[in-house]
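# Geometric and topological summary
So you can see what is in the structure, the chains are spelled out below.
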Amino acid sequence: MSEVILRLENVRKIFTIKREFLRKLNLVAVDNVTLEVRYGETLALVGESGCGKSTTGLLSIRLLKPDSGRIIFKGIDITDLGEGDLRKYRRHMGIVFQNPYSSLNPRMTVFDIVAEPLKIQKLKDRSEIRKRVLEALQSVGLPREILDRYPHELSGGQRQRVAIARALVTHPIYVVLDEPTASLDVSIQASILNLLKDLKKTYGLSYLYISHDLGTVRYIADRVSVMYAGRIVEIADKHSLFNRPLHPYTKALLNSVPIAEPGRRIKNKHILEGEPPLVTDDYVGCRFAERCPYADSRCFKETPPLEEVQKNHYVACWRYTT
Amino acid sequence: MSISSRLIYWLRGALNTLRLVRQSTLAFSGLCIVSALAFIAITAPYIVPYPEDIGAIVHPSLINKPPSLAHPFGTDWFGRDLLTRCLYAARVSLSASLIVVLAGVCIGTIIGLIAGYFGGIVDEVLMRVTDAFLSIPSLILAIAIAAVLGHGITNAIIALSVTWWPWYARLVRGEVINIRNEVYILAARAMGASSWYIMFRHILPNIAGPILVNASMDMGFAILAIASLGFIGLGAVPPTPEWGSMISAALQYGLDYWWELVFPGLMIFIAVLGFNLLGDGLRDLLDPRFRTGRGVPRI
Amino acid sequence: MILKICDLRVYYFLRDKVVRAIDKIDLEVPEGVVFGIVGESGSGKSTLAHAIIRLIPPPGRIVSGSIFFRDLDLVKLSEKELNKIRGNRITMIPQDPISSFNPTVRIGDQLLDVAIHKLGLSRREAAKIIIEKLKLVRMPSPEINMRKYPHELSGGMLQRAAIAMALLPDPDLIIADEPTTALDVTIQAAILKLIRDLVDDLKKTVILITHNMGIVAETCDKIAVMYAGQIVELGDVYDMLSEPLHPYTRALIMAVPRADREIERLEPLVGEPPSLSDIPRGCRFHPRCRLAKPICKREEPPLRYLDSKRAVRCWLYV
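Residues numbered from 1 in each chain as written. Chains lettered and ligands numbered in written order. Predicted model: local features only at pLDDT ≥ 70, side-chain atom pairs only at ≥ 80, totals over all residues.

The subject of this paragraph is the sheet that holds strand S12 (residues 313–315) of chain A. Residues and elements named next belong to chain A. Reading across the sheet, the 8 strands line up as S6-S7-S8-S3-S9-S10-S12-S11 and stay open at both edges, with mixed pairing between neighbours. Across the chains shown, the open sheet's two edge strands, defined by having one partner strand only, are strand S6 (93–96) and strand S11 (307–310). Each neighbouring strand pair of the sheet contributes to a mean axis angle of 20°, computed without reference to strand direction. Examined bridge by bridge, S11 and S12 share 3 bridges and lie antiparallel to one another. For glutamine 310, the partnering residue across the bridge sits in S12 and is histidine 313. (Pairing = 2+ DSSP bridges. Helix = DSSP H or I, 4+ residues; strand = E, 2+ residues; numbered from the N terminus. Axes fitted to C-alpha atoms, helices over the stretch in contact; angles between N-to-C directions.)

Printed below as a string of structure tokens:
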């Protein structure tokens, strides 16, 4: 097994929301998540909105602090580090957000946006900064003419390339991609995905690829983890996950994706009814039990653990545990 | 990034803004009034027809003369040229108002930034302090300060500044909360940026617009406030010309010498109107719906 | 034909330019089908949907053309006559169900409002019909959910309520503008199946506007592909998917990564869609087309029918 670059251990994140008068609700966004991103791989984190996948991404680079559990980056426990101590690890991490319209400061030029991480990392030499910025822009396929432009003068695809250049300018080794193509047109999406694939190969990057789109996941990922209502329900190699999905939710998800294949009709599909539950901190049982066609009484009482049921194929479902 | 290319970009932007200002008649007239007033305020000692009339001087032969060619605004009870005094008073009023507004903007912005960005307990404490200041009536505070420190324009400025900033603190806090959760702020945090860096590099430039609009409108109110303090005798001390105190002095003679009332009043009116028009115009300009961007609108 | 559009043009007259959002659209929608309109943002697909019910926001205007609903030309109708059709014979399912409901009024009351004021029903009749429609759209426990406020319902449930509202007047034609973009995949599948059922079981006609080729493939009977304000290809869904003719249609299908098969390398489209205020001369797709010929740069190809069902706007097929 190759070396692990990032490891989340039993990470839990709770958001407290105020409800009505003085009543509070503790919602579990991420519940006991354990996962590893290995050197040079793309681990996809798939799930529907509100399942906690983006929160997991933010936790993994310590933009959020977990309520419990540990975050180990390159063998160092960064769970409790303060912002000052974290700064020296920040240049090894990058993040690309979903919407390039809101992730770039509208009042900064492309140069300033891409140079910013370097300046924050206290790089002072102006010619060095310029060199690195140009290098980053070149690597994402942007011409140097756009250096002086502002984000609103760029197309969506170009903006996302700027955001990728910003994430890569400090030469990170681990990059969180939070739905990087979800707000782009399909004709632009493919070129961004190809770019991300190429960059990974060129710079030996490791990605945490967060998405709800199973098509892009199948295209870009090496391993896939599926999240549902804050918990990981299945982790496996891409091939075994797509060809032999085990968890009933993964199966339903795969079945729901619309595919441009002649003869595939919605009429003939089995549709998953219901919606994911709100998970409070006193929730018991499998989160998927309510919608699961196979659920029995145990599923409502006990939460199934994530277990390796085939080689490198982990599932959290009572049907597969002994 | 070369300095010259950035300069060209800025110039282009400035020209573009000017073009837009011209398209809006109101904003443009506001800008004209304000620039004219600013010009007068800066050059007053050199352009007024009778510079010696600014100070304490009496021309017995000219007392309370109605407008004439030699004295278009007439003369006052010491025989001083009213035009000279009205124009010079612009210097006093504008600079005092500017100090009040600037002080308000600076203190308010810093308090608002900190409260809005950090939130939680910091926000609670700062905003309660702000509320406390908001509840102080500025006129009464001015009277109190005058009682302790004596009369004078400086003390009027201090009194107004103390009660002026809370409005900005509230405004800025609201704006900060609006953009605190923007993704580019999160992106900056992901790079390891410190809170101060984020506040001054990312948040401040993006809320400068609304602050500017408010400051421009506020100049009008500050001018009124200075004039009010002057009127009740808590502002500029004679012989320094000041519109409010000029009106107050003229009122002692009833309406017999109307020009001594009308012209300072007219100056206040024009100054307040000018800043309000400019503020309104700026608000329209900063409204993205008013802008014609270079991209195609989303349809 | 329930809807026949001839030479429709919708332009936006901006301060310093004209945006040709829709240009020379000819389209026939037969009764009892799901008709898909596919395109990327800026292709004019949403403008087309709004043009059908004449809800183009200023500075946009229908410049020319006709829209026949059965035998009424909607373009020529007075606003009063149009209101008998709009929201009555033709209704809409919104893109974002959350913003299409008033957040301060209970869902049931909003439906009642439409039923009582637009349809002139008594309160009792209206309530009965509303429950009936909510059951039809498979809203779970409709009597309870009717009494909730929009923010208390999930996106999927709100979209069901919005569909129920669109069904209240028992319309002939329903226009669904990206009805599932704001929803999750599993919920999306349920809503699409529901839309399909409206056509199969209730014999409605639906125009489904989307950017997702997969959605049209699974839901629609006929599709039209739009690019830069024009229809570039139309035909039956099976034919279009098994043999896409226009290079853009092909690219739309080929450029999307798939969940059902392994793809080594995607072939992305070069460039970006043109700005509608600066449309290329000749064929609008030619700057991005790998197969462009000299004529494509000079002249705009006509939308040519290859047989009674299939039409394509490309010089390769002339």
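This next bit is on the sheet that holds strand S5 (residues 72–73) of chain C. All names here are of chain C. One open sheet accounts for 4 strands, arranged S2-S1-S4-S5; its pairing is antiparallel. In this open sheet, the two edge strands, each paired with only one partner strand, are strand S2 (18–29) and S5. Sheet topology note: the strand S4 (residues 60–69)/S5 ladder contains 2 bridges and is antiparallel. Its bridge partner lying in S5, phenylalanine 68 is registered against aspartate 73. Packed on one face of the sheet, helix H1 (residues 45–52) meets strand S1 (3–13), S2 and S4 and runs near 65° to S2. (Contact = placed C-beta atoms within 7 Å.)

Okay, the interface of chain C and chain A next. Listed by partner, the interface residues are 41 residues for chain C and 38 residues for chain A. For the side of chain C that touches chain A, the elements supplying multiple residues, two or more each, are helix H8 (185–202), helix H9 (213–219), helix H10 (237–242) and helix H11 (247–254) of chain C. With 9 residues, the single largest contributor to the side of chain C that touches chain A is H8 of chain C. A breakdown of the residues in the side of chain C that touches chain A according to their chemical character gives 22 nonpolar, 10 polar and 9 charged. (Nonpolar A, V, L, I, M, F, W, Y, C, P; charged D, E, K, R; others polar.)

A word on the domain arrangement of chain C. Residue and element names in this part refer to chain C. Segmenting chain C into domains produces domain 1 (31–60 + 172–317) and domain 2 (96–170). Taken over C-alpha atoms, the centre of domain 1 sits 31 Å from the centre of domain 2. Between domain 1 and domain 2, the contact holds 8 residues from the first and 8 residues from the second. (Domains from an automatic or database assignment.)

What follows concerns unusual backbone geometry. A cis amide bond, omega 5°, links proline 58 of chain C with the succeeding residue proline 59 of chain C. Structurally, proline 59 of chain C is set in the loop between H1 and S4. Residue asparagine 10 of chain A is not a glycine yet carries a positive backbone phi of 45°. Within the element layout of this structure, asparagine 10 of chain A appears in strand S1 (residues 4–19). Although it is not a glycine, glutamate 179 of chain A adopts a positive phi angle of roughly 45°. Tracing the backbone shows glutamate 179 of chain A in the loop between strand S7 (174–178) and helix H6 (186–203).

Moving on, we get to the nonpolar core. Soluble globular proteins tend to pack their nonpolar side chains together in the buried interior. Membership of the largest hydrophobic core comes to 278 residues, with the highest contact counts inside it found for Val114 and Tyr209 of chain A together with Ile207 of chain C. If you tally residues by element for this core, the top one is helix H3 (residues 82–118) of chain B, at 18 residues. Residue contributions to this core reach at least three from each of two domains, namely domain 1 (31–60 + 172–317) and domain 2 (96–170) of chain C. Those residues within four positions of isoleucine 207 of chain C in sequence are excluded, and the remaining contacts are Val29, Phe35, Ile37, Ala49, Leu173, Ile175 and Ala176 of chain C. (Core = buried A, V, L, I, M, F, W, Y, C linked by C-beta atoms within 7 Å. Buried ≥ 20, exposed ≤ 12 C-beta atoms within 10 Å, placed from the backbone.)

All names here are of chain B. For the pair H3 and helix H4 (residues 120–134), the least separation of the axes is 7 Å and the interaxial angle reads 145°. Considering how the two elements wind past one another, H3 and H4 form a crossing that is left-handed. Only Gly120, Val122, Asp123, Leu126, Met127 and Thr130 of H4 make contact with H3, whose side of the interface consists of Ile111, Ile114, Ala115 and Phe118. Of the residues assigned to the contact of H3 with H4, the class counts are 7 nonpolar, 2 polar and 1 charged. (Left-handed = near helix turned anticlockwise from the far one by under 90°.)

With that settled, the discussion passes to the environment of tyrosine 320 of chain A. Residues and elements named next belong to chain A. You can see tyrosine 320 is positioned in the segment after S12. Tyrosine 320 sits 73 residues away from histidine 247 along the chain, and the two C-alpha atoms are 8.7 Å apart. Discounting chain neighbours no more than four positions away, the residues touching tyrosine 320 are Leu246, Val309 and Val315.

This next bit is on the pairing of S7 of chain A. Residues and elements named next belong to chain A. Of all 5 residues making up S7, 5 are buried, and the element is well covered by its neighbours. In this sheet, S7 lies alongside S6 in parallel orientation, the contact comprising 4 bridges. Bridge pairing in S7 links isoleucine 95 to valine 176. For the crossover from S7 across H6 to strand S8 (residues 206–211), the handedness is right-handed. (Right-handed = clockwise from strand over helix to strand, strands pointing away.)

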